[in-house]
Amino acid sequence: SIKEVLLNDNCNFEAIACIGANHFLNNNPELALSFYKRLFELGFGSPEILNNIGLCSLFANQYDLCITCFEKALLYPEISDITSSDIWYNLSCVGIYIGDFSMAKQALKIAISFNDKNIEALNNMAILDMKEGLIEQAKNGFESACKMNEFLYEPLFNLAVIKFNQGDNEEAFKYANLSLEKDPNHFETKELLSKIKNHLN
């Protein structure tokens, strides 16, 4: 097991990274943070590790640390466009968490400039457009995200919301069902489908 590997070699990069990722996925960002920090202390510094430390810090509400980590990661000369895009997306999440939507939108624009197939960034940009009342722009953003990725429910759900608000119940029904296929447990989609069915009936 991974724990046995660490008992034999407490500096094993893959084992530490796996345990950190497991804690993060199980909603334990503070524990995950300690493992990623351990990797950094062992000399395994990289933009990706700093990004993970920043992300864990974000979910652990340590905003100063997360911004510092993201900034340091972006200074690496060998950083890839994909990693840069991921970091700018995470910085946009910081903006959203602290209520600075202007910062969030700017960060999302930069994220998309590095990787125009960053679905999460496209989806969140469209959400911010929707909040600003830029409905057609938001709809185009959600449609682009849906075309690029068939596994995420978020853009499908958001597109269903727009269609429903515009009175296009048949299209809303279609996209809401597609959203539910991707995530059968998504409460908001179920709630939206119920509203659409009432209108269709």
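Residues numbered from 1 in each chain as written. Predicted model: local features only at pLDDT ≥ 70, side-chain atom pairs only at ≥ 80, totals over all residues. Heavy atoms only, no water.

## Considering the layout of surface pockets
Once rolled over the atoms, a probe with the size of a water molecule shows which space is left empty. Counted only if it meets this: Cavities and pockets were defined on a 1 Å grid built over protein atoms only: a cavity is a set of grid points that admits a 1.4 Å probe from which the probe cannot escape, a pocket is an open set flanked by protein on both sides within 12 Å along at least five of seven lines, and lining residues are those with an atom within 4 Å of any such point. Grid points are joined across faces, edges and corners, and a volume is the space filled by probe spheres set on the points. Note on conventions: DSSP H or I runs of at least 4 residues are helices, E runs of at least 2 residues are strands, and numbering of each starts at the N terminus. Residues are grouped as follows: Ala, Val, Leu, Ile, Met, Phe, Trp, Tyr, Cys and Pro are nonpolar; Asp, Glu, Lys and Arg are charged; all remaining types, including Gly, are polar.
Here the largest pocket is characterised by a volume of approximately 190 Å³. Looking at the largest pocket, the residues that line it are Phe24, Asn27, Asn28, Pro29, Leu55, Phe59, Tyr89, Asn90, Cys93 and Tyr97. Only α4 (47-59) and α6 (81-98) provide two or more residues apiece to the lining of the largest pocket. In terms of residues, the lining of the largest pocket owes the most to one element, α6, which gives four residues. Considering only residue class, the lining of the largest pocket consists of seven nonpolar, three polar and no charged.

## Regarding a negative patch on the surface
Convention followed: Two joining distances apply to patches: 9 Å for like charges and 5 Å for nonpolar side chains (Val, Leu, Ile, Met, Phe, Trp, Tyr), and every residue must have over 30% relative accessible area and no salt bridge. What sets the accessible areas is the Shrake-Rupley method with a 1.4 Å probe; for residues, cover comes only from the shown protein chains. Within this document, salt bridges are pairs made up of a side-chain nitrogen of Lys or Arg and a carboxyl oxygen of Asp or Glu, the two lying within 4 Å of each other. When charges are counted, Lys and Arg contribute as positive and Asp and Glu as negative, whereas His and the chain ends are disregarded. Where a charge sits is defined by one atom per residue type, namely NZ (Lys), CZ (Arg), CG (Asp) or CD (Glu).
A contiguous patch of negative charge, built from Glu48, Glu78, Asp86 and Glu120, is present on the exposed surface. Inspection of the secondary structure puts Asp86 in helix α6.

## A look at the pattern of salt bridges
What counts, and what does not: Relative accessibility under 20% of the residue-type maximum defines a buried residue, over 50% an exposed one, and the middle range a partly exposed one, all with a 1.4 Å probe and only protein chains included.
Applying the stated rule across the entire model yields five salt bridges. In this structure, Asp129 engages Lys105 in a salt bridge whose closest nitrogen and oxygen atoms are separated by 2.5 Å. Of this pair, Asp129 sits in helix α8 (residues 119-131) while Lys105 sits in helix α7 (residues 101-114); the two residues are 24 residues apart in sequence, bridging distant segments of the chain. There is no split in this pair, since Asp129 and Lys105 are both buried. For the salt bridge of Glu132 with Lys105, the shortest nitrogen-to-oxygen distance reads 3.0 Å. Taken together, the residues Glu132 in the loop between α8 and α9 (135-148) and Lys105 in helix α7 connect sequence positions 27 residues apart. Each of Lys105, Asp129 and Glu132 takes part in salt bridges that share partners, so that together they form one network.

## What to know about helix α10 (residues 154-165)
Formally: By this rule the span expected of a helix is its residue count minus one, scaled by 1.5 Å.
Over its twelve residues, α10 extends 17 Å from the first C-alpha to the last, a length consistent with the 16 Å expected when each residue adds 1.5 Å. Where burial is concerned, most of α10 is hidden: ten out of the twelve residues are buried. Looking at α10, one finds that the buried residues are Pro155, Leu156, Phe157, Asn158, Leu159, Ala160, Val161, Ile162, Lys163 and Phe164. In the segment just after α10, Gly167 is the residue with positive phi, at about 85°.

## Description of the packing of aromatic side chains
Inclusion rule: Centres within 6.5 Å make a pair out of two Phe, Tyr or Trp rings, where for Trp the six-membered ring is used; the pair is then stacked when the planes are under 30 degrees apart, edge-to-face when over 60, and tilted otherwise.
Under the defined criterion, the tally for this structure stands at one aromatic pair. Ring geometry for Phe59 and Tyr97: centres 6.1 Å apart, planes at 85°, overall edge-to-face. Within this pair, whereas Phe59 is found in helix α4, its partner Tyr97 is found in helix α6, the two being separated by 38 residues in sequence. Under the relative-accessibility criterion, Tyr97 is labelled partly exposed at 44%.

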